[in-house]
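Notes for the structure review
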Amino acid sequence: MVEMSGIRSDSSRIASSVLLIWVIVAASSSRRVWCVEEDEYTKSGGNPKVLPLVTSLIYNQILNLTKIFNKDITVSLGYCTNDVDADLNGAFKFGNNLDFLSNCVKETKDVTKRICTAAEMKFYFSSFMGTKSADAQFLKPNINCNLTSWVPGCEPGWACTIPENAQVDLKNSKDIPDRTRDGQPCCAGFFCPRGLTCMIPCPLGSYCPLATINKATGVCEPYSYQLPPGKSNHTCGGADIWAGVTSDDEIFCSSGSYCPSTTQKIQCKQGHYCRQGSTEQRACFKLSTCNPNSDTQNLHAYGFMLIGALSLVLIVFYNCSDQVLTTRYERLAKSRERAAKSARETAQARQRWRLAKDAAKKRAVGLQKQLSRTFSRKSGEPPIPPSGAPKPKKEAGDLTKMLQSFDDNPDSQRGFHMTIGDKNIKKQMPTAKQLHTKSQIFKYAYGQLEKEKAMEQKQQNLTFSGIISMATDTDVKTRPTLEVAFKDLTITLRNKNKHLMRRVTGKILPGRISAVMGPSGAGKTTFLSAVAGKIRGCVITGSILINGRPDSIHSYKKIIGFVPQDDIVHGNLTVEENLRFSARCRLSSDMPKADKVLVVERVIESLGLQAVRDSLVGTVEKRGISGGQRKRVNVGLEMVMEPSLLILDEPTSGLDSSSSNLLIRALRREALEGVNICMVVHQPSYALYKMFDDLILLAKGGLTVYHGPVKKVEEYFASFGVNVPDRVNPPDHFIDILEGIVKPSAGLTVEQLPVRWMLHNGYPVPPDMLHFCDEIASASKGVSTSATTTAPVASESSSAGSTFKESQEHSQLNFFAGHDLSNRYTPGWIRQYRYFLGRNVKQRLREAQLQAADYLILLLAGACLGTLSKVKGDTFGYFGYMYTVIAVSLLCKISALRSFSLDKLHYRRESEGGTSSLAYFLSKDSVDHFNTLIKPLVFLSMFYSFSNPRSTFLENYAVLLCLVYCVTGIAYVFAIFFQPSQAQLWCVLLPVVLTLIANQGKDDKFGKLFSNYCYPRWALEAFLIANAQRYSGVWLITRCAALNDFGYDVHRWNYCLLRLVVSGICFRFLAFFCLLNGKK
């Protein structure tokens, strides 16, 4: 019996093997028709060993069936699928979970005749392809279900079979077979739509059990269809529809559970989470909380950890950088102190030696006279040697040689040698180019400063030998001289017949300080702006000559310094940093570093800024140095570039008398080097007035009253009866007369003063002022003849002046153009970029509080938006991402405005001084790249941990990174083109308006056209594509429907990011163009 049973078991095993081979051969013998005359499982007598093989065969045929739709899906639904095969496999590749198919084989016995063919599946899915909608509740009539034929299998959840002797070709995609027999409930794991009599496998991520009747409502649960009326033998079947989650979500595996197969649902365990439509439970990250039946993991801990790490890194970075700057400044201060102390000690030793030398000389002379008198009394007068006899030479001793050495070179930098003086010490001294270390450079600079102080002291006690020494000193520096002459300079407001200046003629000379004075409205600042070539919106006639040539003043802008009336100084930099930056960018590039340091130290010394050199200048919000010191820094910015022409607009306004004297003395030192200095001064003190060389006195209307030396101004006015009273400051008296406060002498009016100056110098008198000539002639006694002869000459000169019209027009045309004639080669834009970058980094480090406020606001925005906008499957987090685009755009634009809005005046001054606009712009943008990298991290640390989307953190970061880069470029344009208040308004309105345009429906042609050029659309599309691609299986129809509604395409993720980056670059080019043309 045992053997028989073993034989039976072996025979049964062999029969099963033979049956399997037959099924495989039968399946492979037909390429198109699936020939199954009768269910193989039934033929084997329900052998359980054959069931897995039959199930596997059926599954392989179903899996191969999906390939038929590859081309149609690619054409119709290519916008929502990157890889059709991968998406179909993700929906129908069940793997080893085929229990639902095995159970269906057991129950129906003819499952192969109830499964939908390719034509029936195409008929069902064409409802989605044709309408591109997630709702497919109703199907079109077909051969089996129509108005004349409605079998039980047409009801939802039921299916029928084909005739017994008929064969079905599952791959037939054209003809729907006759399937109206033996209606039965749909198997679990399949869905049977209303209007079709076949079964379609439910996709992965769905839960399709058999429905049960709810007697209270008559609804087949968990689905929403009802039993047909009047059919008592009709029961609830299986699932009835697979559509989008918005229209029908009954078959979706519920949140907090996962469905490894379409007939099995398991609740999530502790430490795991299961989203809607999951096929497996996912383990939660460490430190995240996941309760049983959780649909998301709580990532708040990681968000706070990321914020803590970022905060720690930023705090360490700012503190360390500040500490590094502080330590560096302390070292430099100590090195300066040592160098200054060494230079002072050397100068004091030199001074003591000179005093000792002078005393020794006096004693030697006295001793010689005493000995001479003694010997002359004893032996009488010595015989006079013949005139032709040579004088005997006596070898000089060491002391004599030492004295001769100091006479030859009293300013040696090597100290003092009590042996024989070396005449080559000065030649052996290292040059500025050979100095590299900070200590060497400071010693060199302070040594030169002490030497200059000694020379200054020597000039105060000039002797013949001192004059000879100054004349032969090769260390005295001279600068290129600029003489500015102007003739008949007239400035008229454009489109208006109003003169700001009329017929101004004269010149300002190098090595002299010219003061421009006059009452309010006399055109003093206009005159300086015209000379400097900075006047805009006016018509300029006349001629301006530079060194006797009609060159453009802009051709010499590298050696021209212009000090504006307002103190345009960087408040978040120290005094020394402001001066050093100006010296680096505007001095010659081949000048050694030691000489540049010397120039800065000389300016700081001459302006009396030693005590505040390491203090921040300060702003309106943050207190810094005093107003007088700030004014001196404003002047020092132009002095450090060693100009040949220095123009100052009211440099002494707001200064006390001592500060004004200190400033003018510093300018006097510049004038000694040949600098042409011209400044506007309001009622200077008498001591200050006497320090000027020339005076340009203007009357209202821009007419010249006097232009000449200060020493002769009183003599000129006294010639026609205007005398300065005792104890009255002359400029105050003259300005009071021009202002109308003090009346001039009898028979003289204020209007006659400019005409008197024209007649005095033989200048042409304008025709509308000729009547003043008659008044002057009638008021004068004894000079009427000369007056009458002068008036015609003036009119002739006026007419002759028109002969210069052509040359004047040529001068005006050449006024704002021309190539560089300054012969100074400043650093290139790459080198200046380094200087600008270092300055901007220091400024940002000192604005740490503003940066921290920006980051805090982004944190709050990320937390709020992440909490309020949970990512849902119906929209894939669309609204949360839309609010994200608006919030990030607004906040990043507002903060980016500070890069250029606050520095417009500083840039204008620096660019007019010759600095590179490209270096300035690139340095600002480079520093902002730090925020471009950090701000997306700050926002995502909260938003991602609270909203928990399916897309990865890196994908969201990449989109935000490109978005911030794009909106930063837009903010640059607003900051440069608009005023600060208008720029802020645009930054608030633009993201909202563009987002509304980007959300226009696909049927709105106008909105769709403009939305393609809106950056919010590109960012939203990139966000949704990255998130939607993570929804597969049962979500396939929902994904395609949602992307179709929004008009997005999964293939354009990289394209959207590229458009954001390219837009950021284009906006930066536009901003740079506005920067270059804004100053015009």
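Residues numbered from 1 in each chain as written. Predicted model: local features only at pLDDT ≥ 70, side-chain atom pairs only at ≥ 80, totals over all residues. Heavy atoms only, no water.

Check the secondary structure of the protein chain and you find 36 helices and 19 strands. Sorting the 1080 residues of the protein chain into buried and exposed places 50% on the buried side. Sequence separation of 24 or more characterises 73% of the internal contacts of the protein chain that already satisfy a separation of 6 or more. Accessible surface, the protein chain: about 53000 Å² in total, of which carbon and sulfur atoms supply 57%. (Helix = DSSP H or I, 4+ residues; strand = E, 2+ residues; numbered from the N terminus. Buried < 20%, exposed > 50% of the residue type's maximum accessible area, 1.4 Å probe, protein only. Contact = heavy atoms within 4.5 Å. Areas by Shrake-Rupley, 256 points an atom, 1.4 Å probe, with all protein chains shown as cover.)

In the structure shown here, the tally under the stated rule is 37 aromatic pairs. For the pair F974 and F978, a centre-to-centre distance of 5.9 Å together with 55° between the ring planes defines the contact as tilted. Across the pair, F978 and F974 agree in class, each one buried. Taken together, the ring pairs in this structure connect F581, F836, F900, Y907, Y920, F921, Y972 and F1072 into an aromatic cluster. (Phe/Tyr/Trp six-rings, centres within 6.5 Å; stacked < 30°, edge-to-face > 60°.)

Time to look at the confidence of the model for the protein chain. Residues at a pLDDT of 70 or more form 80% of the protein chain, whose mean pLDDT is 78. When the elements of the protein chain are averaged for pLDDT, helix 1 (residues 2-29) gives the smallest value, 36, and helix 31 (residues 953-977) the largest, 94. Overall, residues 1-38 carries pLDDT values under 50, and its contacts beyond four positions in sequence, including any with other chains, amount to 30 contacts. Note that residues 782-817 has pLDDT below 50 and, in this model, 43 contacts with residues that lie over four places away or in other chains. (pLDDT = per-residue confidence, 0-100.)

To continue, consider the state of the cysteines. Under the counting rule described, the total for this entry stands at 10 disulfides. Between the sulfur atoms of C104 and its disulfide mate C187 the distance is 2.2 Å. A torsion of 65° about the S-S bond marks the disulfide between C104 and C187 as right-handed. In this pair, C104 sits in helix 6 (residues 99-108) while C187 sits in the loop between strand 2 (181-185) and strand 3 (190-191), placing the two residues 83 residues apart along the sequence. Take C104 and C187: they sit in the same class, and that class is buried. (Disulfide = S-S within 2.5 Å.)

Across the interface, helix 26 (residues 848-868) lies against helix 30 (residues 917-947) with an axial gap of 7 Å and an inter-helix angle of 30°. It follows from the interaxial angle that helix 26 and helix 30 lie roughly parallel. When you trace helix 26 past helix 30, the crossing you get is right-handed. Across the interface between the two elements, Q851, D854, Y855, L858, L859, A861, G862, A863, L865, G866 and T867 of helix 26 pack against F930, N931, I934, K935, V938, F939, S941, M942, F943, F946 and S947 of helix 30. Tallied by class, the residues present in the contact of helix 26 with helix 30 amount to 13 nonpolar, 7 polar and 2 charged. (Axes fitted to C-alpha atoms, helices over the stretch in contact; angles between N-to-C directions. Parallel < 35°, antiparallel > 145°, perpendicular 65-115°, else oblique. Left-handed = near helix turned anticlockwise from the far one by under 90°. Nonpolar A, V, L, I, M, F, W, Y, C, P; charged D, E, K, R; others polar.)

Turning our attention to the sheet that holds strand 11 (residues 484-493). Taken together, 3 strands build an open sheet; the order of strands is 12-11-14 and the sheet is antiparallel. The sheet is open, and its two edges are formed by strand 12 (499-508) and strand 14 (538-546), each paired on a single side. Going from strand to strand, the sheet's axes swing by 5° on average, the running direction of each strand aside. Here helix 13 (residues 524-532) sits on the sheet in contact with strand 11, strand 12 and strand 14, set at roughly 115° to strand 11. (Pairing = 2+ DSSP bridges.)

The alternating pattern of strand 1 (residues 158-161) places W158 and C160 on one face and A159 and T161 on the opposite face, and all of these are buried. As paired elements, strand 1 and strand 2 share 3 bridges and run antiparallel to each other. Within the sheet, the bridge partner assigned to A159 lies in strand 2 and is Q184.

A surface patch of positive charge is lined by R328, K438, R584, K593, R831 and R834. Mapped onto the elements of the fold, K438 is located in helix 11 (residues 438-460). Given a relative accessible area of 35%, K438 falls into the partly exposed group. (Patch = residues over 30% accessible without salt bridge, like charges linked within 9 Å, V, L, I, M, F, W, Y side chains within 5 Å. Salt bridge = Lys/Arg side-chain N within 4 Å of Asp/Glu carboxyl O. Lys, Arg positive; Asp, Glu negative; His and termini not counted. Charge placed at Lys NZ, Arg CZ, Asp CG, Glu CD.)

Turning our eyes to something else, we now look at the sheet that holds strand 17 (residues 676-680). Taken in spatial order, the 6 strands of this open sheet run 15-16-17-13-18-19, and their pairing is mixed. Of all the strands in the sheet, the pair left with one neighbour each is strand 15 (560-563) and strand 19 (703-709). Recorded for the sheet is a direction-independent mean angle of 15° between the axes of neighbouring strands. By the bridge criterion, 4 bridges tie strand 15 to strand 16 (residues 645-649) in an arrangement that is parallel. Paired with V563 across the two strands is L648, which belongs to strand 16. The sheet contacts of helix 17 (residues 657-672) involve strand 13 (513-517), strand 16 and strand 17, and relative to strand 17 the element is tilted by about 150°. The strands touched by helix 21 (residues 752-761) are strand 18 (694-699) and strand 19; relative to strand 19, the strand with the most contacts, the crossing angle is about 50°.

Our focus in this paragraph is the packing of helix 16 (residues 627-639) against helix 17. At a minimum axis separation of 11 Å, helix 16 and helix 17 run at an interaxial angle of 5°. In terms of axis orientation, helix 16 runs roughly parallel to helix 17. Contacts between helix 16 and helix 17 involve R632, V635 and M639 from the former and S659, L662, L663, A666, L667 and E670 from the latter. Residues that form the contact of helix 16 with helix 17 fall into these classes: 6 nonpolar, 1 polar and 2 charged.

So, on to a nonpolar patch on the surface. Taken together, the side chains of L985, L989, V992, V993 and L996 present a nonpolar region at the surface, about 430 Å² in accessible area. When you line up the elements, V993 lands in helix 32 (residues 980-998). Looking at V993, the relative accessible area reads 42%, which means it is partly exposed.

Here helix 20 (residues 730-739) lies mainly inside the structure; 7 of its 10 residues are buried. Inspection of helix 20 places P730, P731, H733, F734, I735, I737 and L738 among the buried residues, and these make up the whole buried set. Buried residues along helix 20 sit in contact with strand 13, helix 18 (686-689), strand 18, strand 19, helix 19 (713-718) and helix 21. Of the residues one or two after helix 20, G740 is the one with positive phi, at around 90°.

A few words now on the environment of F527. Within the secondary structure, F527 is located in helix 13. Placed 11 residues apart in sequence, F527 and V516 show a C-alpha to C-alpha distance of 8.9 Å. Ignoring anything within four residues of it in the chain, the contact list for F527 reads F486, L489, M501, V504, V516, C678, I696 and L698.

Listing the buried residues of helix 5 (residues 84-92) in full gives V84, D87, L88, A91 and F92. The buried residues of helix 5 occupy one face: seen down the axis, they fall within an arc of 110°. (Arc of directions from axis to C-beta.)

Attention shifts here to the environment of D566. The topology assignment puts D566 in the loop between strand 15 and helix 14 (575-586). Separated by 85 residues in sequence, D566 and P651 place their C-alpha atoms 9.1 Å apart.

The subject of this paragraph is the side chain of E650. Secondary-structure assignment places E650 in the loop between strand 16 and helix 17. Buried E650, no salt bridge; nearest opposite-charge side chain is K524, N-O distance 5.8 Å. Only 3.0 Å separates the side chain of E650 from the side chain of Q565, close enough to count as a polar contact. A distance of 3.0 Å separates a polar atom in the side chain of E650 from a polar atom in the side chain of H682. Ignoring anything within four residues of it in the chain, the contact list for E650 reads Q565, K631, V680 and H682. (Polar contact = N/O pair within 3.5 Å; in protein donor to acceptor, adjacent residues only side chain to side chain.)

Right, let's get into the nonpolar core. One finds Y124, M199, W242 and Y1015 to be the most contacted residues of the largest nonpolar core, which totals 139 residues. Residue contributions to this core peak at 15 residues, all from helix 31. In this structure Y124 touches L139, F191, P193, L196, I200, I241 and W242, once residues within four positions along its chain are discounted. Membership of the second largest hydrophobic core comes to 59 residues, among which are M591, L607, L695 and V705. (Core = buried A, V, L, I, M, F, W, Y, C linked by side-chain atoms within 4.5 Å.)

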